[in-house]
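Listed here are the chains, written in short residue letters.
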Amino acid sequence: MKMKQYAVIGLGRFGSSLAKELINEGVEVLGIDRDEEVVNEMADVLTHAIVVDSTDEEALRSIGIRNFDCVIVAIGDDIQASIMTAILLKEMGVGTVVAKALSELHGKVLERLGVDRVIFPERDMGIRVAHQLVNPNLLDYIELSKDYTIAELSVPKCLSGKSLKELDARAKFGCSVVAINKKNGIIIAPTASDVLNERDVMVIIGTNKQIESFEKELVGS
């Protein structure tokens, strides 16, 4: 299976944090910034890092930006450059465009441009966003401590109709399902006989590694 390719445009504090975490998730990441010094700092960390003005359509075409599975616009403080970049990416047909918003108004503009997801960095940490981008079943991700995490995972079709006993998350992965959010309400502290349905949301607690293993099992199923 072809490894997914991501591009992060803007390697400031948020963009570099997100790009590094995507690398930790095992995907290919191209880092793009106008600042050569910033690009050089990230060159050894990312799959590739290049100096490009993302508001230059020809420059974006020349690096094959439309071939990337997901492009994240993480431009720091230049709203005009952020909006122009988002417009160009959508016009070029990039599969998924994610953009960082600097304000509520900026976010609304990005949404109207057809950006697939708008991120507010003060609310959405780079680490959480990276996990959500790589793992489509992951709805939310909160680190309780350095080692422990609570995650919300959407139940995929392959697990629909299975009981928690059949899932056996504790024995297989070491993590525990502490709640199930169903259409008709939330089950707190579910029992082994409780059955999962597609699009239910499982609330899981465990170490970061346990949750990661569980996520990968879901994605691979």
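Residues numbered from 1 in each chain as written. Predicted model: local features only at pLDDT ≥ 70, side-chain atom pairs only at ≥ 80, totals over all residues. Heavy atoms only, no water.

1. Some words on the pattern of salt bridges
Step number 1: All told, the structure shown has 4 salt bridges when counted by the stated rule.
Step number 2: Note that Asp200 is salt-bridged to Lys182, the shortest N-O span being 2.6 Å. Taken as a pair, Asp200 in the loop between β10 (185–188) and β11 (201–207) and Lys182 in strand β9 (residues 176–182) lie far apart in primary sequence, 18 residues in all. Each of the two residues, Asp200 as well as Lys182, counts as buried. (Salt bridge = Lys/Arg side-chain N within 4 Å of Asp/Glu carboxyl O. Helix = DSSP H or I, 4+ residues; strand = E, 2+ residues; numbered from the N terminus. Buried < 20%, exposed > 50% of the residue type's maximum accessible area, 1.4 Å probe, protein only.)

2. Focus: the nonpolar core
Step number 1: Leu60, Ile65, Val71, Leu89, Leu110 and Val115 are the most contacted members of the largest nonpolar core, which totals 25 residues.
Step number 2: Sorting the residues of this core by element identifies β1 (5–9), β2 (28–33), α3 (57–62), β4 (70–73), α4 (79–92) and β5 (96–100) as the ones contributing at least two each.
Step number 3: Tyr6, Leu18, Leu46 and Leu133 belong to the second largest nonpolar core, which has 18 residues in total. (Core = buried A, V, L, I, M, F, W, Y, C linked by side-chain atoms within 4.5 Å.)

3. What about the sheet that holds strand β6 (residues 117–119)?
Step number 1: With respect to topology, 6 strands assemble into an open sheet ordered β3-β2-β1-β4-β5-β6, the strand pairing being parallel. Edge positions in the open sheet fall to β3 (48–51) and β6, since each of these has one partner strand only. Here the average twist between neighbouring strands, direction ignored, is 20°.
Step number 2: In this structure, β4 lies alongside β5, joined through 4 bridges in parallel fashion. Paired with Cys70 across the strands is Thr96, a residue of β5.
Step number 3: With respect to the sheet, helix α1 (residues 13–24) is in contact with β1, β2, β4, β5 and β6, its orientation differing from that of β1 by roughly 165°.
Step number 4: Where α4 meets the sheet, it contacts β1, β4 and β5, and its direction lies at approximately 165° from that of β4. (Pairing = 2+ DSSP bridges. Axes fitted to C-alpha atoms, helices over the stretch in contact; angles between N-to-C directions. Contact = heavy atoms within 4.5 Å.)

4. Notes on unusual backbone geometry
Step number 1: Here the phi dihedral of Asp168 falls at roughly 50°; this positive angle occurs in a residue that is not glycine.
Step number 2: For Asp168, the location among the structural elements is in the loop between α7 (164–167) and α8 (169–173).
Step number 3: Positive phi is not limited to glycine here, since Arg199 has a value of about 75°.
Step number 4: Residue position: Arg199 is located in the loop between β10 and β11.

5. A short note on α1
Step number 1: Over its 12 residues, α1 runs 17 Å from end to end, which matches the ideal 16 Å to within 8%, given 1.5 Å per residue.
Step number 2: Two residues or fewer past α1, Gly26 is found with a positive phi of approximately 85°. (Expected span 1.5 Å × (residues − 1).)

6. Side note on the pairing of β9
Regular strands place their side chains on alternate faces of the sheet.
Step number 1: The buried fraction of β9 amounts to 5 of the 7 residues, a majority that puts the element mostly inside the structure.
Step number 2: The sheet contact formed by β9 and β11 spans 5 bridges and is antiparallel. The residue of β11 that forms the bridge with Ile180 is Met202.
Step number 3: As consecutive antiparallel partners, β9 and β10 are separated by 2 residues.

7. Examining the environment of Val51
Step number 1: With respect to the secondary-structure elements, Val51 resides in strand β3.
Step number 2: Judged by its relative accessible area of 45%, Val51 falls in the partly exposed class.
Step number 3: As for Val51 and Asn40, which are separated by 11 residues in sequence, their C-alpha atoms are 9.0 Å apart.
Step number 4: With residues up to four places along the chain from it excluded, the contact list for Val51 reads Asp33, Arg34, Glu36 and Val39.

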